[in-house]
Structures are given as structure tokens and as C-alpha cells.
Amino acid sequence: MEVEVKLRFTTPCLGNERRPQRDLMLRSPEGNIIFLQSWWRACLAYGAQALNQHQRDIDDIQADPEVDGSVTIYRRFYNSKDFKEHEAFDVGAVIAVRFCLPNVVTLDDFKRILETAGKYAGLSPYGYKQNFGRFAVVSVEAVKRGGQVG
């Protein structure tokens, strides 16, 4: 089943593509922001393990690499004066992502996995283990195509 998910960041989600002036988000040739499948798998695996649900099914969940959302510039401070700029989804930013779920993972189960992963692990190209990229789930809805869900 194809689903569209909307997530709202509760901590900044920072770009990690190193540049001298500012670290950027990964982008497709068309300029769309990309989150790698491996990042989603790590995030979802955390949620599935924490809930003890669908741990074997996580590898069968496919994420569309292109993320829909608007970035801003975030300053990550080293001390009171020195900082590094990052392209980022800041606190409150909402992104939309599409996933294709295996039949054994229901919408409700997937939502619970995402909620747990977002609260405790997060997803950020630049160090989710550093408290970046935590999120809340706004919605999880089946994609309708030509009058059919899926």
C-alpha cells in the first residue's frame, strides 16, 4: 500500500553535505531534497524494535527518496561566537514523504512505529544521535489513485 506521511520536526533536521559556507541537504538532479533509504530504515528499525512490532518487515518498507518541504538556514553554534550554517528543516517545519508498505504492516502500526521513532530517535542527515531531526507525526494516509486506495 502506498501512503503519504506528514511529519513536523520538533528539533532541527540539518543538512550534512559539507560545503565551506554552509552544509546542504542532499538533492536530486531536479533539485528536490533527498532522504536516503538507509536513514529511513534506521529510524523505522528503532521504532519497530522499541514497540516489538514488525521488526522483520522494516526492510520491506520502501521510502520515496524525495522529500517535500521547505528548508531554512540553521546556525549550529560551537560556542557563543562560532557557528556552522546548515540548510535545515527547522522546528515546526512540516515535510511530506511517500512510502510503500508491505501488506502485513497496517496504517495504524506504521503510524505507531513512526511516532515512537520520531519521539526517541528522529531522522536527520546530520546526526540524529545528537538530538537533531526529532519529529511528530501529523498524518499517515493511504494514497488514492483512480478511485482506489493503494
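Scroll up to find the structure.
Worth saying up front: this structure is predicted, and the values here are computed from it rather than measured. (Residues numbered from 1 in each chain as written. Predicted model: local features only at pLDDT ≥ 70, side-chain atom pairs only at ≥ 80, totals over all residues. Heavy atoms only, no water.)

Asker: What is the right way to read the environment of Pro102 from this model?
Answerer: By the secondary structure assignment, Pro102 is in the loop between strand E9 (94-100) and helix H2 (107-120). Taking the C-alpha atoms as reference points, Pro102 and Asp59, separated by 43 residues in sequence, lie 9.6 Å from one another. In this structure Pro102 touches Asp57, Asp60 and Ile61, once residues within four positions along its chain are discounted. (Helix = DSSP H or I, 4+ residues; strand = E, 2+ residues; numbered from the N terminus. Contact = heavy atoms within 4.5 Å.)

Asker: So what exactly am I meant to see when it comes to the sheet that holds strand E10 (residues 135-142) here?
Answerer: Think of a sheet as strands paired side by side through backbone hydrogen bonds, with each pair either parallel or antiparallel. Spatial strand order, E5-E9-E1-E10: four strands in an open sheet with antiparallel pairing. Because the sheet does not close on itself, it has two edges, and the strands there are strand E5 (62-63) and E10. Pairing between strand E1 (residues 2-9) and E9: seven bridges, direction antiparallel. Residue pairing in the sheet places Val3 in a bridge with Phe99 of E9. Helix-sheet contacts for H2 involve E1, E9 and E10, and the interaxial angle to E10 is about 165°. (Pairing = 2+ DSSP bridges. Axes fitted to C-alpha atoms, helices over the stretch in contact; angles between N-to-C directions.)

By themselves, these are just geometric observations and shouldn't be taken as functional.
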